[in-house]
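# Fold and contact review
Below are the chains, spelled out letter by letter.
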Amino acid sequence: MASISEQNKVRELFDSMTLGVVRSLEKKPGVTDVRLLDRQPAEKHVIFSWEQKNMCILPEDLKNFFLTTNGLLIQWSIKFDGSVLPLGKMELNPVVGLVLISKATTVSDNKPSLADLDSDTDSEDDQGHIKPHFDNRCKVFELDPCDGFGKVCLVYKDIKAGVTTSQPEIWFLDRSLEWSYLASSFMNYFRMMIVHLGLPLWQYLFTSTGLSPETKQWFNLYAPTRLAIDTANVDTEGHKKPSTTEGNQSVTNLTLNALDVNRLFKSKTDKGKGKQLQSKKPPPGKTQNSNQSRSGQLGRQVQR
């Protein structure tokens, strides 16, 4: 059993890795039972075996993440109307959980496959990103199962002779099998996940479906500035403006602006050498009066 000092060191490492989100959540009104699953770093041979098996090279930011912790799971609950309600969840699969979900294999019993639903031509989203395919033109791996309400995917394009020739992107696949672009790299997606606090189905902010009214109320309570920024980056027709999903400017204006890619994730030999990242207090968020009224009522229930 690990000593208290060892546990504290692990906690400090994860706190630095997640940019202080755990401590920040613990200070929010009504939040309780913030859990951070302690996972050991992945062995290098496990990563190498995955790359050999899938004929894909993991990007350096994701590889360094696995060498720091083999996956991630942060869960937090709130005190709501006299009971404890599980609310937020930030999850990333371990190496073995990066399962290939795009298979264009021939089905012997004539049942349709995902490839049968695909199009022969390329289609683009409103930002000009070419959407992934389920056939041999892409390799798609599950990064986050999203509790069955969709999948965050690591997508490799430009497959030639079964081998990838480009860096992967991060896309969201909803239950209707529609693709929505999230980020150009794992690092950008990791930042997005942190600033959205793992609120329920936050990825739907970047889809044509959008958030449910209930989820918007949770955002008004716990991440109003984040919701205001995301809303401002959507035009009147519901289309995302350029660079919205990357969150490059909006993220840096919030609490996580002092992000050093080379110091965030360390391999096992580098642990403990980096200084803890600094964060700034976010500017106060502004919401409409109607949203303030509804979230005010919800907030009173949360704090009971």
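Residues numbered from 1 in each chain as written. Predicted model: local features only at pLDDT ≥ 70, side-chain atom pairs only at ≥ 80, totals over all residues. Heavy atoms only, no water.

The name given to the chain in an unreviewed UniProt entry is Tubulin polyglutamylase complex subunit 2, with Acropora cervicornis as the source organism.

## Thoughts on the environment of Glu169
The condition that has to hold: The helix count covers DSSP runs of H or I at least four residues long, the strand count covers runs of E at least two residues long, and both are numbered beginning at the N terminus. Any two residues whose heavy atoms approach within 4.5 Å are treated as being in contact.
The topology assignment puts Glu169 in strand β8 (residues 169-173). Once the C-alpha coordinates of Glu169 and Tyr156 are considered, the two residues, 13 residues apart in sequence, prove to be 6.7 Å apart. Contact partners of Glu169, with chain neighbours within four places excluded, come to Cys153, Leu154, Val155, Lys157, Tyr181, Ala183 and Ser184.

## Side note on the sheet that holds strand β4 (residues 139-144)
What counts here: Here, strands pair whenever DSSP counts at least two bridges between them. In this analysis, axes come from line fits to C-alpha atoms, helices being fitted only over the stretch in contact, and the angle between any two N-to-C directions falls in the range 0 to 180 degrees.
Pairing in this open sheet of four strands is antiparallel, and the strands run β4-β5-β8-β9 from one edge to the other. In the strand order of this sheet, the two ends are held by β4 and β9 (179-183), each with one partner. Ignoring strand direction, the axes of neighbouring strands in this sheet form an average angle of 40°. Of the strands in this sheet, β4, β5 (151-156), β8 and β9 touch helix α5 (residues 186-195), which is tilted by about 95° from β9.

## Description of the packing of helix α6 (residues 213-222) against helix α7 (residues 224-232)
Put simply, the rule reads: Comment on the angle field: the value is read as roughly parallel under 35 degrees, roughly antiparallel over 145, roughly perpendicular from 65 to 115, and oblique elsewhere. Residue polarity follows a fixed list, in which Ala, Val, Leu, Ile, Met, Phe, Trp, Tyr, Cys and Pro are nonpolar, Asp, Glu, Lys and Arg are charged, and the others, Gly among them, are polar.
In contact at an axis separation of 5 Å, α6 and α7 are set at 120° when each is read in the N-to-C sense. Relative to α7, the element α6 lies oblique. Of the residues in α7, those in contact with Lys216, Phe219, Asn220, Leu221 and Tyr222 of α6 are Pro224, Arg226 and Leu227. Counted by class, the contact of α6 with α7 contains five nonpolar, one polar and two charged residues.

## With respect to the environment of Ser119
Spelled out, the test is: Three exposure classes are used, based on accessible area relative to the maximum for each residue type with a 1.4 Å probe and protein chains only: buried under 20%, partly exposed in between, and exposed over 50%.
The residue Ser119 is located in the loop between β3 (83-92) and β4 in this model. By relative accessible area, which is 35% here, Ser119 ends up partly exposed. With sequence-adjacent residues up to four places away left out, Ser119 is seen in contact with His133 and Arg137.

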